[in-house]
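Coordinates in review
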Amino acid sequence: MLNSLKLVGRFLVQMVVAASLFAAVAGVAYLLWLGTQWLQRQGVPDHLYLAAWFVTELLYGLDVLCFVVFAVAETIKLLREILREAWRP
């Protein structure tokens, strides 16, 4: 029982750290998005605006993808370890 609580505690710490990193990168993506909006108001050519917008969307999309993959992988790892503990004599 105590070992399972340690596993869950480690999982929670990893999820909090991952969520914090996700929030930091999402914040940077948001600031870049604000920059693209500013560029559009300044009247820059469309190709420059679209390139900046694409980089912003790519950064946010990769951030979401990495967070989801990490969360799923850690959940699978946690479940395996709990099942391994449960089947031990």
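Refer to the preceding data block for the structure.
My aim in this report is to walk through the structure given alongside it, one point at a time. (Residues numbered from 1 in each chain as written. Predicted model: local features only at pLDDT ≥ 70, side-chain atom pairs only at ≥ 80, totals over all residues. Heavy atoms only, no water.)

The next subject is the overall build of the protein. Counting its regular elements, the protein contains 2 helices and 0 strands. Radius of gyration (C-alpha) of the protein: 20 Å, far over the 12 Å computed for a compact globule of 89 residues. Projecting the C-alpha coordinates of the protein onto the three principal axes gives extents of approximately 70 × 15 × 10 Å. Counting across all 89 residues of the protein, residues that qualify as buried make up 17%. For the protein, the accessible area works out to roughly 6700 Å², and carbon and sulfur atoms hold 75% of it. Charge centroids of the protein, computed over 7 positive and 6 negative side chains, lie 13 Å from each other. (Helix = DSSP H or I, 4+ residues; strand = E, 2+ residues; numbered from the N terminus. Rg over C-alpha atoms; globule rule 2.2 N^0.38 Å. Buried < 20%, exposed > 50% of the residue type's maximum accessible area, 1.4 Å probe, protein only. Areas by Shrake-Rupley, 256 points an atom, 1.4 Å probe, with all protein chains shown as cover. Lys, Arg positive; Asp, Glu negative; His and termini not counted. Charge placed at Lys NZ, Arg CZ, Asp CG, Glu CD.)

Spanning 41 residues, helix 1 (residues 2-42) covers 60 Å between terminal C-alpha atoms, matching the ideal 60 Å at 1.5 Å per step. Looking at the buried positions of helix 1, the neighbouring elements they touch are helix 2 (46-87). Gly43 sits one or two positions beyond helix 1 and adopts a positive phi of about 85°. (Expected span 1.5 Å × (residues − 1). Contact = heavy atoms within 4.5 Å.)

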